[in-house]
Amino acid sequence: MTDDHQLRVGKIENGTVIDHVTGGQALNVLAILDIDGSGGEEISVGMNVPSERVGRKDIVKVEGRELSQEEVDVLSLIAPDATINIVRNYDVVEKHRVERPEEVVGVLSCPNANCITTAHEPVDSRFAVLEDGVRCAYCGTLIREGFARYIEVD
Amino acid sequence: MRHDHVLTAKQFSREDIEAVLDRAADFDGPTGGTRHTNTLLGLLFFEPSTRTKMSFETAIKRLGGDTIDMGSIDSSSVSKGESLADTVRVIEGYADALVLRHPQQGAAKMASEFVDVPVINAGDGAGHHPTQTLLDLYTIRENAGLDDLSIGIMGDLKYGRTVHSLAHALATFETTQHFISPESLSLPAEVRYDLDEAGASVTEHTGLESVLPDLDVLYVTRIQRERFPDENEYRAVADEYGIDLAMLDEAKADLSIMHPLPRVDEIDPAIDDTDHATYFDQAHNGVPVRMALLDSLL
Ligand SMILES: [Zn+2]
């Protein structure tokens, strides 16, 4: 089943396939991973592809780059059902789910305009990941939903 | 208490609080001696606050130490655009501890990540003011005790950092906290979240009348003019969230009324001469409590 869908956006030789991304979140996945294509990497994106498991899903394929568990765990905020497939020589050699990290650093910007992390200071944003949201480690502001809106853009 | 930094009241356990308050009782008088001769406290006040600053100055001087003061921000490097991270790293070289008042939330926490000397948060925007909380607790303990306490906290609960810090600390005692404010100035979601996590007994009200008879302590805060779009709206709210002598007929005879000061109109001056008025004692308690805190940190 998945093979069929993966074909729509082409197989990759070596790299990472992020599957079962919540429909419509593929571009946010790329934004969080700081992948914008400017480095010349080959990226395929499938959006709102039919899926038996989650209805509609997005798929992101990144050729030539194996993403670590640490790198992908932050995706759990916007795509909790995502699965990560590491591909070598057209074969999936590793498959795992994203896990909720304890904190996310330098990923979300604090919505509190009076937070020290939004000032011109040499400090990364840092959010503790709670069961039902995330919380700024500096000012305590809670974000409970719509994380994609707060993704930091460099 | 052994903490490297004093950033929020959330970091205090009940034991931490009691240790500081017990120690403060030893300093309640013209004592202090020379325990901290040669100790220099760096004062970094990025916002004017004569009162808190003088209280810290008095405390360290009574312990035999002294202060170095960054001065007002327009006469310092800050006006040339220096970051807080740089400022504290420079002043760390001059002082044994830093006292920081800053308009932005999280400033003290960030500063603490750049220096090795203790950082004491003396107010960070609408965030926290943990040393005010310790002196508030000292005052409450003297007047009503910290357990089996019913306390009303009234006024600007949204932006009032003294309220946020106090609420966190009271959650470690057997207290019932009644929050009284206009809807637009009610407790921030973050603070409510923490109180619920801590299992605190909390109620929220839009008027004082219904809870006043139950209270052992009423903690009043100032509602600021700039929180409201126009003068009329502000006046209406400010009048509603104040207390006067007549209202005290409904209160317990030993109700203690507190205020972090400065007040404007929210406490009728006629109350000053009654036994209910605790706010000037409260202000005086800042010195022994800060002495106790500094003594434990330095
Ligand atoms: Zn923040």
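Keep in mind the model is a prediction, meaning the values are calculated, not measured.

## Describing the UniProt feature "binding site: Zn(2+)" (unreviewed entry) in chain A
All names here are of chain A.
At step 1: UniProt marks Cys-110, Cys-115, Cys-136 and Cys-139 with the feature "binding site: Zn(2+)" (unreviewed entry), using the numbering shown here. A maximum C-alpha distance of 8.9 Å places the annotated residues, which cover 30 residues in sequence, within one compact spot.
At step 2: The topology assignment puts Cys-136 in strand S8 (residues 133–136).
At step 3: Exposure remark for Cys-136: the relative accessible area of 4% places this residue in the buried category.
At step 4: In this structure, Cys-139 sits in the loop between S8 and strand S9 (142–143).

## Digging into the domain arrangement of chain A
All names here are of chain A.
At step 1: According to the domain assignment, chain A consists of domain 1 (15–97) and domain 2 (103–149).
At step 2: Of note, the centres of domain 1 and domain 2, computed from C-alpha atoms alone, are 24 Å apart.
At step 3: With six residues of domain 1 at the contact, the number on the domain 2 side is seven residues.
At step 4: Summing both sides of the interface, domain 1 and domain 2 together bury roughly 470 Å²; the carbon and sulfur share of this comes to 88%.
At step 5: Linking domain 1 with domain 2 are zero salt bridges.
At step 6: At the surface where domain 1 touches domain 2, the tally comes to zero residue pairs in polar contact (both at pLDDT 80 or more).
At step 7: Split by residue class, the side of domain 1 that touches domain 2 holds four nonpolar, two polar and no charged.

## A few points about the coordination of the zinc ion
All names here are of chain A.
At step 1: Cys-110 (SG), Cys-115 (SG), Cys-136 (SG) and Cys-139 (SG) make up the full set of protein donors to the zinc ion, lying at 2.3 to 2.4 Å.
At step 2: Within one chain, the residues serving as donors to the zinc ion are arranged as C-x4-C-x20-C-x2-C. Separated by 21 residues along the polypeptide, Cys-115 in the loop between strand S6 (103–105) and strand S7 (126–130) and Cys-136 in strand S8 bring together distant segments of the chain.

## Thoughts on the environment of Phe-173 of chain B
All names here are of chain B.
At step 1: Position of Phe-173 relative to the elements: it lies in the loop between helix H6 (161–170) and strand S6 (175–180).
At step 2: Each C-alpha atom of the pair Phe-173 and Val-115 lies 32 Å from the other, and the pair is 58 residues apart in sequence.
At step 3: Ignoring anything within four residues of it in the chain, the contact list for Phe-173 reads Arg-14, Ile-17, Glu-18, Leu-146 and Asp-147.

## Comments concerning a nonpolar patch on the surface
All names here are of chain A.
At step 1: Nonpolar side chains collect at one region of the surface, where Leu-27, Val-45 and Met-47 lie side by side and expose about 250 Å² of accessible area between them.
At step 2: If you trace the backbone, Val-45 turns up in strand S2 (residues 43–51).
At step 3: A relative accessible area of 30% means that Val-45 is categorised as partly exposed.

## Here we look at the interface of chain A and chain B
At step 1: If you look at the interface, chain A gives 21 residues, while chain B gives 20 residues.
At step 2: Across the chain A to chain B interface the summed buried area is about 1500 Å²; carbon plus sulfur atoms make up 50%.
At step 3: Taken together, the connections running from chain A to chain B amount to two salt bridges.
At step 4: Its salt-bridge partner being Asp-194 of chain B, residue Arg-135 of chain A comes within 2.7 Å of it at the nearest N-O pair.
At step 5: Along the contact surface separating chain A from chain B lie ten residue pairs in polar contact (both at pLDDT 80 or more).

## Some remarks on unusual backbone geometry
At step 1: Across the junction of Leu-261 of chain B and Pro-262 of chain B, the peptide omega takes the value 0°, indicating a cis bond.
At step 2: Looking at the secondary structure, you find Pro-262 of chain B in the loop between strand S9 (256–258) and helix H9 (279–284).
At step 3: The residue Asp-34 of chain A is not glycine, and still its phi comes out positive at about 60°.
At step 4: Mapped onto the elements of the fold, Asp-34 of chain A is located in the loop between helix H2 (26–32) and S2.
At step 5: The residue Asn-38 of chain B is not glycine, and still its phi comes out positive at about 75°.
At step 6: Accessibility expressed as a relative area gives 74% for Asn-38 of chain B, which makes it exposed.

Basis of the calculations
- Residues numbered from 1 in each chain as written.
- Chains lettered and ligands numbered in written order.
- Predicted model: local features only at pLDDT ≥ 70, side-chain atom pairs only at ≥ 80, totals over all residues.
- Heavy atoms only, no water.
- UniProt positions renumbered as here; feature names shortened; annotations may be inferred.
- Helix = DSSP H or I, 4+ residues; strand = E, 2+ residues; numbered from the N terminus.
- Buried < 20%, exposed > 50% of the residue type's maximum accessible area, 1.4 Å probe, protein only.
- Domains from an automatic or database assignment.
- Contact = heavy atoms within 4.5 Å.
- Buried area = accessible area lost by both parts, 1.4 Å probe.
- Salt bridge = Lys/Arg side-chain N within 4 Å of Asp/Glu carboxyl O.
- Polar contact = N/O pair within 3.5 Å; in protein donor to acceptor, adjacent residues only side chain to side chain.
- Nonpolar A, V, L, I, M, F, W, Y, C, P; charged D, E, K, R; others polar.
- Donors = N, O, S within 2.8 Å, 3.2 Å for Na, K, Ca; no water.
- Patch = residues over 30% accessible without salt bridge, like charges linked within 9 Å, V, L, I, M, F, W, Y side chains within 5 Å.
- Areas by Shrake-Rupley, 256 points an atom, 1.4 Å probe, with all protein chains shown as cover.

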